[in-house]
Structures are given as structure tokens and as C-alpha cells.
Amino acid sequence: MSANPVEDIKAESNFLRGTIRQGLADGATGSLADDDTQLTKFHGIYQQDDRDVREQRRRQMLEPEHSFMIRARVPGGICTPAQWLALDNIATRWANGSLRLTTRQAFQFHGVLKHELKDSIRAINDSLLDTIAACGDVNRNVMCTALPERSDVHAQVFADAAAFSDHLTPNTTAYHEIWLDKEKVAATADHEPIYGNRYLPRKFKTAFAVPPVNDVDVLAHDLGFIAIEDKDGLVGYTVTVGGGMGVTHGDPATYPLLARPLGFIIPDQVVEVGEAIVRIQRDFGDRSERKHARFKYTIEDRGLDWLRGELKQRLGYALEPARPYHFTSRGDEYGWRQTDDGNWHLALFIQNGRIADGPSGTQLSGLRAISQVHKGEFRLTANQNVIIAGISAAKKPEINKLVREHGLDAHEKLSRLRLHSMACVALPTCSLAMAEAERYLPELVSEIEIQTENHGLAQEDINIRMTGCPNGCARPYLAEIGLVGKAPGRYNLHLGAAHNGTRLNYLARENANSGEILALLNELFARFRKQRETSETFGDFLTRSQAEITEGVLSHA
Ligand code: SRM
Ligand code: SF4
């Protein structure tokens, strides 16, 4: 038995089968066997329970109220109206009536019961999307910039992202057997030429960015491809490695890191170089300690020069030196934009990615109605928003009418702060949450809005992100104001990341409650207003003031 039991579960699973099939057939419980819950992640499925009622059910001696989260993989975040309709149908029929857009351009469904898992997965598959490798120790949903206005470059970069995604998708036929009832072809053995039978030591994440916009937060990734252009278009990519957000409270051996440039490649090398990097992490990543198993730690332990050497040995050539790039922004540009081909694109703000019908609008019904008439595509953004892309001039009025009827025009009315806000799911479904995020950030933003308004900063682009624990699912360590859940109602306050995602923030206050957070922010807004340098962003100001903030010179220390 190895020090890390997940390694044994993977190795003994017969390429991700385990006893999932038997577990699905067991009607006596709403859950699956513990080992199988590790394996279902590779199939895009997480076992969860409703944490709002966990304690009450425990007192009643009932098993937790189990249900499942399903994550549908959408490489590059692009899907068709027909696919949107299929996913909407799953959300309303089997899940909790909402579609959740994630920080990695994917869809999540919450609240699916065990006996409805197969129908849901089959429906996703029928729509020509899938959930394979949406989670698990593999290369996850590959992100790609959602920018519509760079349609020429986007098409090429998206094609590279899609090719890399396909190439790294696991080969096992377990998914088809378990969820789609396909029979295994007799005498064929499963084989994972890239991953092997234990797959990677840990999750692995890849993103493609097109400067000057860093909408995918490329430097938060294990592997990044940053498009480099000359006057004739795309010439290649600067490859970046070793980014990651995950932290464990109180464990200094875990920390967020920004990716660093490794070298330059031409587009034809994306798959070859990317695969070699994944294989290096497969061979050298720490399989004994999952908290230390991400690629960022492999590189920290061994160095970037070691990685370059290892890569050269495997490829037979060295990478060219990395080429410079420059990012100016990260957020989505909301509203209508037209591209050179005459098409229109509409970027909509979806608060924390949750699409549902409720008091503030009928967004789920609205996007359903739009899918029924839209002929272009949908692009999910890495900021949990959606772009209705490729709308002809003739169709524009019809889409616009539906947008207004269903309250999807929030971007025209909301503050810049809210439009730049992002929260992870957290409670009640996430088993790792220590505090609220998605259900609380909107309320906190309302309170901060009063302050920014009072200080004349309402038009300021300030980026705020909240997570319910330090795992960093909304990339809070890259926010100008980052709130990381520590306990119910308590957050670590991180301040001062760069607005364009090229500098991490620092820990300013630990375990603060909302009163403490608001008092400090109020003072910082006042100082920012008075002391800011020309065109200084709030994040840059906070970093310039780091010593005063952390050493408690301010009255709200
Ligand atoms: Fe995440 C685990 C939700 C993006 C770092 N993440 C989880 C789980 C599955 C909890 C669990 O393991 O039981 C959460 C499910 C909550 C729920 O109820 O739905 C969860 N992560 C999410 C999503 C849905 C957040 C959101 O609100 O959008 C994002 C789904 C992305 C997707 O479509 O694939 C999501 N997670 C991220 C990101 C952001 C990114 O990748 O750009 C990160 C930080 C980047 C990184 O990986 O370094 C992230 N999630 C984690 C970690 C910490 C990993 C680490 O290195 O320590 C965990 C915990 C783990 O893996 O053990 C985690
Ligand atoms: Fe759950 Fe923590 Fe991720 Fe939020 S950051 S979704 S609480 S694992």
C-alpha cells in the first residue's frame, strides 16, 4: 500500500471502473462506495450532500442527503444553442433547476440523485458534450480566451486548444460502459499511453490566452500558452508553467504561485510540447503527498532549468527563449460589440455564474428562449459569464428583446465592482467549504458599493473575489480584494493583486469578520482617493501601501 491511498485506488480501479456500476445499482443508499467517489471524479461527477441539513439529519440518525454534482466539459467554453438547450433540460429535469457556469468555462449541475445520474450523463453525451476529465487527476477542461473581437486569432488559438484537449482526453472505455451502457469489446485491453494506470499525481490545468486580454488568468495554470503575434497574425506561443492557487490554512508548505515563462514554440508544437510537459509531471510529480503533488511544487523543488533540460531530452531539441507579452486587462467587456465580419456579440454578466429563474430575473428561461432562436454560439468566460456570439444584424433586435424581457441586461445597471466580482460555489454543496461564498458575496458587495459610492470610486474597476476555503476556486489570490473563507462568517483578507493578473496579492488580515473587513476597506478607499498616483489601480495602490496595511499603521489594523 502506498502512502497516498488515492494512488492505490487509481491503480486498482481497472482504468477508472472500480465498483461504480454495482454502486449505481444499489438502491439501498443514495451514495456510492468511498473508493468509487474518488473514481467518479474522473468521470466528471462528485458525490456531495446538502450541508444545510447535514447536522439535522445526523441528529435524526439519517444518512446525509446525498446528491451529485456533474461537471460538463466544454473545451474553450464554446457550445452551440442546441447544446445549451440540452443542458438546460438536464438542469430543470434532474438537477436543482439552475445551470452553474464555472471559473473554468464549464457547466455544473448540482443536486442530481444517484438513480438519475445515468440519464443525465447520457443526455450530456447526446448533446455531443461529455464529462470525461472534467475532474480527476488528468488534464482538465482546457481554457481559451473568449474574446470575440479577435475572431481571426481566436479561431487559430481555439483550434490549438481543442486539439490539445482532445489529445489529452483519457482513453479508457470505462466511461462509455458505465454511463452509456456500451459493451467493452472482448479481448481489448485498456491502455493510457500518456497517463498510465495511475493517471497524473494530481489535477493538471491548461489555458490559452491572447494578449492584451488575460481573461483566462493564464498565470494561475499549470501550463499556459500565451499567443504571440506579428503583423501577419499568430506566430506561436510563450509557454508558461507552474501556476496554481490551492493552499491549506496553516500549512506553510502550500502556497499560491504564478506561472513562469518556459520558452517559445510555434503552433505546430503545442501538442508535442504540451504532452511532454504532462508526461514529466506524471513521472516526477509527488505521488506520496497530494497536497504537494501539483506541478507547481515539482518545479519549485527541481527548478525551471531542470524542467528545460528534461524537456530537451524528451523532445530532442531545446525550446526557443520565451517571447515577451503584455496584458492590460482580465475582465469581460460587457454589452454589444460588432466584429469585422458584421456579426454582433453580447457579453452578459451572470452573478457568480448561477443561471436560474428568481426574483431578479428569469435568466434560465431567458437563455433558453435565446437558444431557441440564436444561430451562432455561446462562449462561456473564465469569469463565470456568457457571451452570445455570432449574432447577425437581422437577429439582433430579437435577441435584445429577450435579454431585456428576462432581466439579462444587468450589466447596464450594476456597479463596476459587482461586474468584476466572482465567488466560488462553497455552501451548501461543496464538502470543503468553511464559509459562505456564492450566497454571501452579493450581499457584501452591496455594502462595499455604498463605500465606493461615498468615496467617488463607483466607476473604478476593482476586482473582488471570494472563496469558501483556501483551495482558491475563484482564484482569490489574483484579486485586488480577495476573501478566503476560514470559518463561518470569517475570512482571510488578501489585498493588492495586479488588475491584469500578473501579480499575486498578500495576506492583509486573518480571520476577519465582515465588520472588520468593511472598516478596513473604507479606510483604504479614503486613502486611495487622496493618495493615488496618476492612473494607479486599486491593486497597485494596495501593494504600494502593503507595509502600512500589514504593520497596522492604519486605524483599522
Ligand atoms: Fe475547484 C475542489 C469547485 C475551479 C482549486 N472545486 C473543488 C470541488 C470539486 C470540491 C471538492 O473537491 O469536493 C468544488 C465543487 C463545489 C461545488 O459544490 O460545485 C470546486 N472549482 C470549483 C468551481 C465550480 C468554482 C466555481 O465557482 O466556478 C470551478 C470549476 C472549474 C471547472 O469547470 O473545472 C473550480 N478550483 C478551481 C480553480 C480555478 C481555476 O482552475 O482556474 C482552482 C484554483 C486553481 C488551481 O487548481 O490551482 C481550484 N478546487 C481547487 C482545489 C485546490 C487544488 C490544489 O492545488 O490544492 C480543490 C481541492 C482539491 O483538489 O483537493 C478544488
Ligand atoms: Fe469549495 Fe473551497 Fe473550491 Fe470554494 S474554494 S468551491 S469552498 S473547494
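Chemist: How should the nonpolar core be read in this particular structure?
Modeler: Generally speaking, nonpolar side chains in soluble globular proteins are found buried as a group. Among the nonpolar cores identified, the biggest contains 93 residues, and Trp84, Phe107, Phe109, Trp179, Phe208, Ile277 and Leu367 are the most heavily contacted of them. Broken down by element, this core gets its largest block of residues, six residues, from helix H9 (residues 270–284). Counting 38 residues, the second-largest nonpolar core is a separate cluster that includes Tyr440, Ala474, Tyr491 and Ile517.

Chemist: Which parts of the structure should I look at to understand the site of ligand 2?
Modeler: Ligand 2 sits among Cys424, Ala426, Cys430, Leu432, Ala433, Thr467, Gly468, Cys469, Asn471, Gly472 and Cys473. Of the residues belonging to the shell around ligand 2, the class tally is seven nonpolar, four polar and no charged.

Chemist: What is the right way to look at the pattern of salt bridges in this model?
Modeler: Between side chains of opposite charge, a pair can form as their charged atoms come close. Inspection of the entire model under this criterion finds 48 salt bridges. For Asp217, the salt bridge is made with Arg330, and the minimal N-O distance between the two is 2.9 Å. Of this pair, Asp217 sits in the loop between strand S7 (206–209) and strand S8 (223–230) while Arg330 sits in the loop between helix H11 (304–315) and strand S11 (335–338); the two residues are 113 residues apart in sequence, bridging distant segments of the chain. What makes Arg330 buried here is its relative accessible area of 2%. The salt bridge partner of Arg416 is Asp461, with a shortest N-O separation of 2.6 Å. Taken together, the residues span a long stretch of sequence, with Arg416 in helix H14 (residues 416–419) and Asp461 in the loop between helix H15 (441–454) and strand S19 (464–467) at a distance of 45 residues. Take Arg416: its relative accessible area is 23%, and that puts it in the partly exposed class. Where salt bridges share partners, they join Glu7, Lys10, Asp137, Arg198, Arg287 and Arg290 into one cluster.

Chemist: Explain the sheet that holds strand S18 (residues 421–423) to me, please; I cannot follow it from the model alone.
Modeler: Two pairing modes exist for strands in a sheet, parallel and antiparallel, and in both the strands are linked by backbone hydrogen bonds. Read across the open sheet, the five strands follow the order S18-S19-S20-S21-S22; overall the sheet is mixed. Edge strands, defined here as strands with exactly one partner in the open sheet, are S18 and strand S22 (506–512). Across this sheet, the average inter-strand angle for adjacent strands is 15°, counted without regard to direction. One ladder, built from three bridges, connects S18 with S19; its direction is parallel. Residue pairing in the sheet places Ser421 in a bridge with Ile464 of S19. Where H15 meets the sheet, its contacts fall on S18, S19 and strand S20 (481–487), and the angle it forms with S19 comes to roughly 145°.

Chemist: Is there a simple way to explain the side chain of Thr298 in this structure?
Modeler: Checked against the element boundaries, Thr298 lands in helix H10 (residues 295–302). At 2.8 Å, the side chain of Thr298 forms a polar contact with the side chain of Gln281. Residue contacts for Thr298: discarding those within four places in its chain leaves Gln281, Phe284, Gly285, Gly303 and Trp306.

Criteria and cut-off values
- Residues numbered from 1 in each chain as written.
- Chains lettered and ligands numbered in written order.
- Predicted model: local features only at pLDDT ≥ 70, side-chain atom pairs only at ≥ 80, totals over all residues.
- Heavy atoms only, no water.
- Core = buried A, V, L, I, M, F, W, Y, C linked by side-chain atoms within 4.5 Å.
- Buried < 20%, exposed > 50% of the residue type's maximum accessible area, 1.4 Å probe, protein only.
- Helix = DSSP H or I, 4+ residues; strand = E, 2+ residues; numbered from the N terminus.
- Near = heavy atom within 4 Å.
- Nonpolar A, V, L, I, M, F, W, Y, C, P; charged D, E, K, R; others polar.
- Salt bridge = Lys/Arg side-chain N within 4 Å of Asp/Glu carboxyl O.
- Pairing = 2+ DSSP bridges.
- Axes fitted to C-alpha atoms, helices over the stretch in contact; angles between N-to-C directions.
- Contact = heavy atoms within 4.5 Å.
- Polar contact = N/O pair within 3.5 Å; in protein donor to acceptor, adjacent residues only side chain to side chain.

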